[in-house]
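The residues making up each chain are set out below.
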Amino acid sequence: MRALILPGLVLLFAALFVRSYTVPPAPDRRGGTSVSLAWPNRPLFGSPRADCLGLPAGDSVIACLIGSVSRARADGIPLMQVGFCGTCYTLSQRAAALGRNEAAVQARLGEIARFGW
């Protein structure tokens, strides 16, 4: 049993650096879920939407979404790229809304949905 504790702790520590994000399919892009190694600066199921939920009302949502995905791709070491995962998308949306005003989150998510994200 003690022999499993150290490998388990190493795996748990490594899991802190595994991040994923899901981009839904749209006419101008393929959707997909990307899993990468990155600094733990966003939730485990982090999403581009999470970075853009706290924007002031006048800021451009689409520029924020594109920038967030670009940062996620540039900052991480890709481990796996899979097709669009609806469950991952829903989970990332729930993670993005944690600790935020529900009405404001739903309004911003509605605005983001108009752009196909």
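Residues numbered from 1 in each chain as written. Predicted model: local features only at pLDDT ≥ 70, side-chain atom pairs only at ≥ 80, totals over all residues. Heavy atoms only, no water.

Brief notes about the pairing of strand β1 (residues 18-23)
For β1, the tally of buried residues reaches five of six residues, placing the bulk of the element in the interior. Across six bridges, β1 lies against strand β2 (residues 32-37) in antiparallel orientation. Counterpart to V18 in the pairing with β2 is L37. (Buried < 20%, exposed > 50% of the residue type's maximum accessible area, 1.4 Å probe, protein only. Helix = DSSP H or I, 4+ residues; strand = E, 2+ residues; numbered from the N terminus. Pairing = 2+ DSSP bridges.)

Remarks on a nonpolar patch on the surface
A cluster of nonpolar side chains, L37, I77, L79, M80 and V82, forms an exposed patch at the surface whose accessible area comes to about 440 Å². For the nonpolar patch, the element with the highest residue contribution is strand β3 (residues 77-82), accounting for four residues. Structurally, the position occupied by L37 is in strand β2. (Patch = residues over 30% accessible without salt bridge, like charges linked within 9 Å, V, L, I, M, F, W, Y side chains within 5 Å. Areas by Shrake-Rupley, 256 points an atom, 1.4 Å probe, with all protein chains shown as cover. Salt bridge = Lys/Arg side-chain N within 4 Å of Asp/Glu carboxyl O.)

Notes on the sheet that holds β1
Either a parallel or an antiparallel arrangement is found when strands of a sheet pair, and the pairing is made through backbone hydrogen bonds. Within the open sheet, the three strands sit side by side as β1-β2-β3. Their pairing is antiparallel. Of all the strands in the sheet, just β1 and β3 have a single pairing partner and so form its edges. If you compare each strand with its neighbour and ignore which way they point, the axes differ by 20° on average. (Axes fitted to C-alpha atoms, helices over the stretch in contact; angles between N-to-C directions.)

Here we look at helix α1 (residues 2-15)
The end-to-end C-alpha distance of α1, which contains 14 residues, comes to 20 Å, matching closely the 20 Å that a straight helix rising 1.5 Å per residue would cover. Among the 14 residues of α1, zero are classified as buried, and the element is accordingly described as predominantly exposed. (Expected span 1.5 Å × (residues − 1).)

Looking at helix α4 (residues 86-97)
Under the 1.5 Å per step criterion, the end-to-end length of α4 is 17 Å for 12 residues, consistent within 8% with the ideal 16 Å. Where α4 terminates, the next one or two residues include G99, which has phi positive at roughly 75°.

Quick notes on the confidence of the model for the protein chain
As a note on interpretation, predicted positions should not be read in detail where pLDDT is low. Taken over all residues, the pLDDT of the protein chain has a mean of 81, while the share at 70 or more is 94%. Within the protein chain, no element has a lower average pLDDT than helix α2 (residues 48-52), which sits at 74, and none a higher one than β3, at 88. (pLDDT = per-residue confidence, 0-100.)

Description of the side chain of S34
Take S34: it is sitting in strand β2. Side chain to side chain, S34 and Q81 meet in a polar contact 2.4 Å long. (Polar contact = N/O pair within 3.5 Å; in protein donor to acceptor, adjacent residues only side chain to side chain.)

Quick word on the environment of S60
Along the chain, S60 turns up in the loop between α2 and α3 (61-75). Exposure remark for S60: the relative accessible area of 41% places this residue in the partly exposed category. When the C-alpha atoms of S60 and I112 are compared, they prove to be 10.0 Å apart, with 52 residues separating the residues in sequence.

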